[in-house]
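# Observations on the three-dimensional arrangement
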Amino acid sequence: VLTLGTFYYTALLPTLTRAFAAGGAQAAAPLLRLAARGAMLVAVPLATGMVILASPLLTALYGADYAAAAPAFRLLAPTIAVVMLAACCRNALI
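In short, a report on the structure. Since the model is a prediction, treat every value here as computed from it, not as a measurement. (Residues numbered from 1 in each chain as written. Predicted model: local features only at pLDDT ≥ 70, side-chain atom pairs only at ≥ 80, totals over all residues. Heavy atoms only, no water.)

## Here we look at the overall build of the protein chain
For the protein chain, the helix and strand inventory stands at four helices and zero strands. Each helix and strand of the protein chain, placed in order from N terminus to C terminus, yields the pattern α-α-α-α. For 94 residues, the compact-globule formula gives about 12 Å, and the C-alpha radius of gyration of the protein chain, at 17 Å, lies well above that figure. Summarising its shape, the C-alpha atoms of the protein chain cover approximately 55 × 15 × 15 Å along the three principal directions. For the protein chain, the residues scored as buried account for 26% of the 94 residues in total. As displayed, the protein chain has an accessible area near 6000 Å², and 75% of this comes from carbon and sulfur atoms. (Helix = DSSP H or I, 4+ residues; strand = E, 2+ residues; numbered from the N terminus. Rg over C-alpha atoms; globule rule 2.2 N^0.38 Å. Buried < 20%, exposed > 50% of the residue type's maximum accessible area, 1.4 Å probe, protein only. Areas by Shrake-Rupley, 256 points an atom, 1.4 Å probe, with all protein chains shown as cover.)

What follows is the structure, encoded as structure tokens:
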């Protein structure tokens, strides 16, 4: 799931580079904002769903032995949004 952000921003990098080359930071800033919004549009519902469905997800994917890991999974699931937003910031620095 965390690699989705990497794929998303890797695909965006050529367009972002062209925007920087053509108009500098002023041209690239709207593109970065749009990319961050798009990433959050996917990441926040995904993280919310993972928090709500932690126990059934773990049971379906790994079996009943891993259902006890649901509290830790619920705690870690929101980091998806943070990681995807950090990927946007990382591409802004490149």
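## Re helix 1 (residues 3–52)
Its 50 residues place the ends of helix 1 only 21 Å apart at the C-alpha level, less than the 74 Å of an ideal helix rising 1.5 Å per residue. If you look at helix 1, its biggest bend is around 135°, right at G24. (Expected span 1.5 Å × (residues − 1). Bend = angle between axes of the 7 residues up to and from the residue.)

## What about the environment of A92?
Of note, A92 is situated in helix 4 (residues 79–93). Residue classification places A92 among the partly exposed residues on the basis of a relative accessible area of 31%. Residues A92 and A29 lie 63 residues apart in sequence; the distance between their C-alpha atoms is 8.5 Å. Once you skip the residues sitting within four places of it in the chain, A92 turns out to touch F20 and L32. (Contact = heavy atoms within 4.5 Å.)

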